[in-house]
Amino acid sequence: MSETAFEIVPAVETDEAPPHVGTLVLKFGGTSVADPEKIRRVAARLVAAKRAGGRVVGVVSAMGQHTDELVALAREVSPRPEPRELDMLISVGERVSCALVAMAISDLDQQAISLTGSQAGIVTDTVHGKAKIVEVRAPGLARIHQALDEDKIVLVAGFQGVSTDFNITTLGRGGSDTTAVALAAALSADACEIYTDVDGVFTADPRIVPDARKLHAVSYEEMLEMAASGARVLALRSVEFARNHGVKLHVRSTFTEETGTWITEEDERMLEKAMISGVTHTLEEAVYRVEGVDRADLFSALAEAPVSVDTIIQTDGPILFSAPVEDREQTAAVLERLGAKWNEQDGLGKVSVIGAGMKSHPGIAARTFATLRDLGLEPQLVATSPIKIAFYVPQDEVERAVKGLHDAFELSSADAERGHA
Ligand code: ADP
Ligand code: ASP
Ligand code: MG
């Protein structure tokens, strides 16, 4: 099995010719294409973008919960489906929605063509279920350019590609965002617009903090930390890719015309009014406590599995680390194989305070821990980066911690939005 390293910058074959003027990639998430009426609305939106004069590429996710349904179906048939076959199955959801959008576009007297990820040239490594894009290949790109030159709208099925050994792969949950950004980079698009069911990136998940504010602008670094720590509005890899290739991302609502949130290079004006961009959370975290193995052996075995370890906590005693819940089976297999004495701590969630302003303003940690003390909360494990403070608390305390910190950092005030021209 070959896996690409976390930091690698995926190769993207752009045209030798100068970039085509006015190319836009528009991506629509599952809720935006959940039923036939919504599909027709997405088609109308793509046609409007086309008529405004752009070269338009649409990337769509599977309809509503279709991917979940396909995963559940596989598990009804087989308790541990073969990863290759699971990818064959779940990649279908995006083919369905993208063909339907193309049909609806034709009904609006505009030509369209739908392509699978593989036809569009999306080449990945061979890790089924969470493949990384290694290249967007020229023949696929040429096909897209040709269709755009013929005045067509091009629809690409998100979340999938073809591996370097010619199998169909999927890019991990939420992966259609990554397809969209990779195509935007390869086509030298002016911007990549991510249409979703919220108005943009908020100071916290608007589903649990009703007075969270929509951010006007977020830096790539902040968005990377937010995406890595639970703000699922953008898939982590899509943000890495956007940063590495300088793709301007605009997260906005499918259901309104309003401006959403721009993800771009850090700009001093972002930090003038608010040092903190947001408070993010996850409700389920797999935290492992391991004894009896060598640290280096453990982490190299996990890397090989491959399990992407999230947080490692340094203690004198056992080794503590967290890893994605989806990697639970692989992690357990590695720990058993190494003969480790281990257990998984159940029932923990993670809360993170994120903001580029932390780099230059002391006192954020002090305010975080004072707030937790006032709330009567004891953080169990703490991990930091230059722009993040994260800690673990019992699952049923996560919401209280998020709301308390959101208040303490005054993130429901107008200044938190970082509005500037
Ligand atoms: P899509 O299907 O369009 O890809 P997702 O469900 O993947 O949409 O992502 C959108 C969801 O992300 C929102 O409905 C929201 O609940 C959640 N979310 C979590 N944190 C944030 C945040 N900080 N800002 C905006 N949305 C967030
Ligand atoms: N349909 C896939 C998922 O549910 C990919 C996506 O929505 O971006 O994860
Ligand atoms: Mg998503």
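Residues numbered from 1 in each chain as written. Chains lettered and ligands numbered in written order. Predicted model: local features only at pLDDT ≥ 70, side-chain atom pairs only at ≥ 80, totals over all residues. Heavy atoms only, no water.

Before going further, it helps to examine the overall build of the protein chain. Helix and strand content of the protein chain: 13 helices and 21 strands. Each principal axis of the C-alpha atoms in the protein chain carries an extent, and together these give about 65 × 50 × 40 Å. Residue burial in the protein chain is summarised as follows: out of 421 residues, 53% are buried. In the protein chain, 41 side chains carry a positive charge and 63 a negative one; their mean positions are 2 Å apart. (Helix = DSSP H or I, 4+ residues; strand = E, 2+ residues; numbered from the N terminus. Buried < 20%, exposed > 50% of the residue type's maximum accessible area, 1.4 Å probe, protein only. Lys, Arg positive; Asp, Glu negative; His and termini not counted. Charge placed at Lys NZ, Arg CZ, Asp CG, Glu CD.)

A separate point is the pairing of strand β2 (residues 23-28). Across the six residues that make up β2, a large majority, five, are buried. Relative to strand β3 (residues 55-60), β2 runs parallel, the two being bridged by six bridges. Counterpart to V25 in the pairing with β3 is V57. Handedness of the crossover joining β2 and β3 through helix α1 (residues 36-51): right-handed. In the sheet, β2 pairs with strand β10 (residues 191-196) via five bridges, with the strands oriented parallel. Each bridged residue has a counterpart across the sheet, and for V25 the counterpart in β10 is C192. (Pairing = 2+ DSSP bridges. Right-handed = clockwise from strand over helix to strand, strands pointing away.)

Our focus in this paragraph is the confidence of the model for the protein chain. Averaged over every residue, the pLDDT of the protein chain is 92; the share at 70 or more is 95%. Counted against residues more than four places away or in other chains, residues 16-20, with its pLDDT under 50, gives five contacts. (pLDDT = per-residue confidence, 0-100. Contact = heavy atoms within 4.5 Å.)

With that settled, the discussion passes to the sheet that holds strand β20 (residues 382-385). Within the open sheet, the four strands sit side by side as β14-β19-β21-β20. Their pairing is antiparallel. Each edge of the sheet is formed by a strand with only one pairing partner; in this case those strands are β14 (278-282) and β20. Along the sheet, successive strands turn relative to each other by an average axial angle of 20°, direction set aside. Across seven bridges, the pairing between strand β19 (residues 348-354) and strand β21 (residues 388-394) is antiparallel. Residue pairing across strands places S352 opposite A390, the latter belonging to β21. (Axes fitted to C-alpha atoms, helices over the stretch in contact; angles between N-to-C directions.)

Right, let's talk about the site of ligand 2 for a bit. Around ligand 2, the neighbouring residues are S61, A62, T67, E94, F159, R173, G174, G175 and S176. One of the side-chain N or O atoms of T67 is found 2.8 Å from a nitrogen atom in ligand 2. With respect to ligand 2, the side chain of E94 contributes an N or O atom lying 2.6 Å from a nitrogen atom. Taken together, the residues of the shell around ligand 2 sort by class into two nonpolar, five polar and two charged. (Near = heavy atom within 4 Å. Polar contact = N/O pair within 3.5 Å; in protein donor to acceptor, adjacent residues only side chain to side chain. Nonpolar A, V, L, I, M, F, W, Y, C, P; charged D, E, K, R; others polar.)

This next bit is on helix α4 (residues 92-106). Between the first and last C-alpha of α4 there are 22 Å, a value that for 15 residues agrees with the 21 Å anticipated at 1.5 Å per step. Of all the positions in α4, only G93, E94, S97, C98, V101, A102, A104 and I105 are classed as buried. Buried positions in α4, seen along its axis, are confined to an arc of 165° and lie on one side of it. (Expected span 1.5 Å × (residues − 1). Arc of directions from axis to C-beta.)

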